[in-house]
Amino acid sequence: MKTAVEELSPTRVKLTVEVPFEELEPSMQAAYKKVAQQVRVPGFRPGKVPARIIEQRFGRAVVLEETLNEALPKLYGQAVDESDVFPVSQPEIEVTKIDDGKEVEFTAEVDVRPAFDIPDYEGMEITVPSAEVSDEDIDTQIDALRQRFATLTGVERPAAAGDYVVMDLAATIDGKNIEEQQASDVSYEVGAGSVLQGLDDALVGMAAGDEKVFTTTLVGGENAGEEADVTITVKSVKEKVLPELDDEFAGLASEFDTLEELRASLREQARRNKLVEQVVEARERALTAVLDKIDIPLPDSAVKAELDARKHNLEHQIAESGLSREAFFRLYQTTEEERFAEFEENARKAIKTGFLLDKIVKREELGVNEQELTGFVVRRAAQMGVAPNTLAQHLADNDQLTLAMVEIVREKAKSVIGDAVKVTDESGTEVDLKAIYAQLNEDDDAERPAEAAAAAE
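Let me begin by describing the structure that accompanies this report. These figures come from a predicted structure and were not determined experimentally.

Across the sheet, four strands lie side by side as β1-β2-β4-β3; this open sheet has antiparallel pairing. Strands at the two margins of the open sheet, each flanked by one partner only, are β1 (2–9) and β3 (92–99). Neighbour-to-neighbour, the strand axes of this sheet turn through a mean angle of 15 degrees, independent of strand direction. Note: strand β2 (residues 12–20) against strand β4 (residues 103–111), nine bridges, orientation antiparallel. Looking across to β4, one finds that E18 is bridged to E105.

This next bit is on a negative patch on the surface. A cluster of acidic residues, E244, D246, D247, E248, D257, E260 and E261, forms a negative patch at the surface. Elements with a contribution of two residues or more to the negative patch: α6 (247–253) and α7 (259–292). In this fold, D247 is placed in helix α6.

Formed by 46 residues in total, the largest nonpolar core has its most connected members in Y121, L356, I417 and V423. Among all residues touching V423, those that are not within four sequence positions of it are I126, V128, A282, G418, T429, E430, V431 and L433. Ranked by size, the runner-up nonpolar core spans 23 residues in total, among them L15, V17, L64 and V110.

Take the packing of aromatic side chains next. Aromatic ring pairs: the centre-centre distance and the angle between the two ring planes describe each pair. If you walk through the whole model with that rule in mind, you get four aromatic pairs. Aromatic pair F328 and Y332: ring centres 4.9 Å apart, planes at 50 degrees, arrangement tilted. What makes F328 buried here is its relative accessible area of 3%. Each residue in the set F328, F329 and Y332 is aromatic and connected to the rest through ring pairs, giving one cluster. When the ring centre of Y332 is taken as reference, the NZ or CZ atom of R339 above it lies at 6.0 Å.

What follows covers helix α11 (residues 370–384). The end-to-end C-alpha distance of α11 is 21 Å, a good match for the 21 Å that 15 residues give at a rise of 1.5 Å each. Three or more residues of α11 are buried, namely L373, G375, F376, V377 and A381. As for α11, its buried residues are in contact with α12 (388–397) and α13 (401–420). For α11, the N-terminal cap is N369; the gap from its side-chain oxygen to the backbone nitrogen of Q371 is 3.1 Å.

The three strands are arranged β5-β12-β13 in an open sheet whose pairing can be described as mixed. Of all the strands in the sheet, just β5 (125–128) and β13 (430–431) have a single pairing partner and so form its edges. For β5 and strand β12 (residues 422–425), the ladder comprises four bridges, and the chain directions are parallel. By the bridge assignment, V128 is partnered in β12 with D425.

Definitions and cut-offs
Residues numbered from 1 in each chain as written. Predicted model: local features only at pLDDT ≥ 70, side-chain atom pairs only at ≥ 80, totals over all residues. Heavy atoms only, no water. Pairing = 2+ DSSP bridges. Helix = DSSP H or I, 4+ residues; strand = E, 2+ residues; numbered from the N terminus. Axes fitted to C-alpha atoms, helices over the stretch in contact; angles between N-to-C directions. Patch = residues over 30% accessible without salt bridge, like charges linked within 9 Å, V, L, I, M, F, W, Y side chains within 5 Å. Areas by Shrake-Rupley, 256 points an atom, 1.4 Å probe, with all protein chains shown as cover. Salt bridge = Lys/Arg side-chain N within 4 Å of Asp/Glu carboxyl O. Lys, Arg positive; Asp, Glu negative; His and termini not counted. Charge placed at Lys NZ, Arg CZ, Asp CG, Glu CD. Core = buried A, V, L, I, M, F, W, Y, C linked by side-chain atoms within 4.5 Å. Buried < 20%, exposed > 50% of the residue type's maximum accessible area, 1.4 Å probe, protein only. Contact = heavy atoms within 4.5 Å. Phe/Tyr/Trp six-rings, centres within 6.5 Å; stacked < 30°, edge-to-face > 60°. Lys NZ or Arg CZ within 6 Å of the ring centre and 35° of its normal. Expected span 1.5 Å × (residues − 1). Polar contact = N/O pair within 3.5 Å; in protein donor to acceptor, adjacent residues only side chain to side chain.

As structure tokens, this is what we get:
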């Protein structure tokens with residue numbers, strides 16, 4: 001087989017492939033067997049029709065067509081491997097010559113990953129946030145804990161922002177009740193930002209037993225987009241009472257006996273989190289700095305595929321929300337046009353990033369071992385709230401293990417870039433990422449039993 005490559009553009013090539021007929025022999029035999037199974041010839045059992053009878057009754061063209069259908073995908077893949085091109089779209093294949101018994105020629109036009117050089121990033125300087133933990137950081141975490149353990153207490157006063165009300169809601173359009181917009185005993189935090197515009201403003205100042213009507217545009221159901229009169233009947237008003245900040249609270253909210261011990265634990269966890277954030281930020285900012293140095297032409301088909309996937313996910317989110325399109329975008333304080341523009345920018349960056357990381361993976365000969373794949377599945381399963389075995393089976397059943405391995409090696413490529421740059425924090429202090437890795441691993445070992453630590457090595 002002989003392959004010639006013609007560059008049609010920086011992102012598209014045309015492969016012209018010449019195949020000697022003898023290389024088609026296995027596919028030819030498979031074609032005879034397949035046609036023999038499909039045809040019915042008197043005197044022969046299905047699948048037992050001789051090749052010469054098939055050609056006499058149905059013509060050799062039928063066999064040649066089936067042969068090429070079976071052979072072309074494999075021959076195309078072989079041509080790609082031999083040509084050292086990286087396709088990013090489905091090929092447009094055309095058979096241009098059939099010299100029966102001698103040679104077959106076909107062409108394949110396909111979008112490819114463009115050629116580009118990786119800029120030198122060794123010693124490149126980037127800045128990351130400081131990992132210093134302040135008292136304010138701990139106070140913020142303590143306040144969050146207090147919010148979690150707060151209690152609601154009934155009050156004899158009008159509702160204010162932050163209070164909780166129990167209310168009934170009813171909506172009418174031109175005096176006609178809208179059944180699907182009726183709700184009883186709804187618990188709601190005043191000021192939470194309801195998609196029902198005007199609700200928060202109407203609730204402020206209402207006390208138990210009060211009733212009020214306000215006009216709004218419905219955002220869901222059959223009447224989405226129509227203007228309706230909504231009647232609120234407040235049944236109760238409750239305020240959030242935070243627990244006292246003392247040792248008793250520490251025992252309630254954690255395994256510690258004193259507030260001092262709780263704050264020390266939160267400080268240590270915050271320190272660790274900020275170190276992890278420094279590592280992540282260093283890799284992301286180093287990657288962005290490298291991307292800013294190169295101009296990679298992007299195949300239109302790859303951009304379209306990425307955009308279509310993002311738009312499909314958006315349509316799913318809108319459908320799942322039960323909101324009208326207008327209400328959905330209003331909830332997220334954006335417009336459809338703004339979201340689509342953001343999609344295109346992010347899609348182009350994602351494709352460019354993938355091209356760069358894949359090239360580093362190849363240059364550095366990065367791979368994935370079984371332990372790394374298992375760790376990836378365990379972490380992703382924890383994020384999704386499913387059992388690791390369940391996720392592993394899902395990935396295997398849906399041919400997604402390869403995608404998982406691509407994600408792993410791309411993260412490794414990010415690490416290669418991050419480890420090569422010079423990192424300082426916002427105060428000008430140099431950040432040693434390798435020292436952070438060692439410190440985080442040491443912390444992990446200290447928290448695990450000796451047996452688990454040994455198994456993780």
